[in-house]
Amino acid sequence: MKTLRILGGIAFSIALVACSGNDGAAGDPGPVGPTGADGADGQNGTSALLLITDEPAGKNCANGGKSVQYGADKNADGKLEDDEVESTAYVCDGGKGATGPKGPTGAQGDDGAQGATGADGATGPAGATGADGATGADGATGPAGATGVTGVTGPTGATGPAGATGPAGATGPTGATGAMGATGPTGPAGATGPTGAAGATGPTGPTGPTGPTGATGATGATGATGTTGFPSLINMTNEPSGVNCVKGGLKIDVGLDNGDGGGTAKDGVLQSGEIDSTSYVCAT
């Protein structure tokens, strides 16, 4: 949501100078009198506010668009409240256009680069070994001679008895432990020295005197009352399709009702000479 402050009123103040009569010699101007007090400020004009929000698809805009509300900022808080809205206009989006014809088929692209060579497949199992062929005929080999019989193994001899273990020698006596030397006595602890005296604290200096408060200056004189500012006006009209809005929209003219360009001031009509700025809210 966007709130746009368009233009506020303008106030002017005029200071008058009073002159006394001539009381000097002939041809010699008299002294100039004091400047009159400034009058109170004139009343500020009311600012106009513009609020532009998204408008969903519905009765106001079949395909959605923008809602444009405007009005005077009566409470001067910078926000366009519901009770300040003077008029509402809508800038609607157009409907979806028909699908265009299918474009011609583009030229065939170049062949892509050759892909990398794949890894070698696993080696299959080896086939069975074929039977040996028949041995060719040779001369006959004579029969081998007979092997003699193995002789009988004799019996193992008996194991002799183990010899007796000799007696262990006697263990000698343990030697005497030597005498421990005497420990000398512990010496006395030394005396603790005295604590030093604390230094004296210096005196606090005196606080300086506070200076006197200066006299308050006199209040300035009240200025003369300024002229009342001109109210601001907003004029919204439909904008046809063209340079400013390709699909059309809303034209918003803003200005002061001050009679510029030969118009009539404060007549409530925004005339061409009073327009200060123009903006557009275009349909999408």
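Per-chain numbering applies: the sequence of each chain, read as written, is numbered from 1 onward. Predicted model: local features are reported for residues with pLDDT of at least 70 only, side-chain atom pairs are reported and counted for 80 or more only, and whole-chain, interface and lining totals are derived from all residues. To obtain the side-chain values, all non-hydrogen atoms of the structure were included, while hydrogens and water were left out.

Draft legend 1. Representation of the state of the cysteines within the structure. Pairs of cysteine sulfur atoms within 2.5 Å are identified as disulfides in what follows. All told, the structure shown has two disulfides when counted by the stated rule. For Cys61, the disulfide goes to Cys92, at an S-S distance of 2.0 Å. Judged by the sign of its S-S torsion, about -70°, the cystine formed by Cys61 and Cys92 is left-handed. Separated by 31 residues along the polypeptide, Cys61 in the loop between strand 2 (48-55) and strand 3 (65-72) and Cys92 in strand 4 (residues 87-92) bring together distant segments of the chain. Buried residues are those whose accessible area, probed at 1.4 Å on protein chains only, stays under 20% of the maximum for their type, while exposed residues exceed 50% and partly exposed ones sit between those limits. Its relative accessible area of 1% is what places Cys61 among the buried residues. Between the sulfur of Cys245 and that of Cys282 lies a disulfide, 1.9 Å long from S to S. Sign of the S-S torsion, about -70° for the bond between Cys245 and Cys282, identifies this disulfide as left-handed. Of this pair, Cys245 sits in the loop between strand 5 (232-239) and strand 6 (249-256) while Cys282 sits in strand 7 (residues 275-282), and the two are 37 residues apart along the sequence. Accessibility expressed as a relative area gives 1% for Cys245, which makes it buried. Every helix listed is a DSSP run of H or I at least four residues long, and every strand listed is a run of E at least two residues long, numbered separately from the N terminus.

Draft legend 2. Geometry of the side chain of Asp253. Assignment of secondary structure puts Asp253 in strand 6. Buried charge without a partner: Asp253 forms no salt bridge, and the closest opposite charge is Lys251, 4.2 Å away. In the analysis that follows, any N or O atom pair within 3.5 Å is treated as a polar contact, provided that within protein one partner can donate a hydrogen and the other can accept it, and provided that, for residues neighboring in sequence, both atoms belong to side chains. Side chain to side chain, Asp253 and Thr278 meet in a polar contact 2.7 Å long. Residues count as neighbours in contact if any of their non-hydrogen atoms are within 4.5 Å of one another. Not counting residues within four places of it along the chain, the set of residues in contact with Asp253 comprises Leu233, Ile234, Asn235, Leu270, Ile275, Ser277 and Thr278. Here Asp and Glu are counted as negative and Lys and Arg as positive; His is not counted, and neither are the chain ends. Think of a salt bridge as a Lys or Arg side-chain nitrogen and an Asp or Glu carboxyl oxygen that are within 4 Å of each other.

Draft legend 3. Spatial organisation of the side chain of Asp73. Residue placement: Asp73 occurs in the loop between strand 3 and strand 4. A relative accessible area of 4% means that Asp73 is categorised as buried. Side-chain polar atoms of Asp73 contact the backbone nitrogen of Gly78, separated by 2.8 Å.

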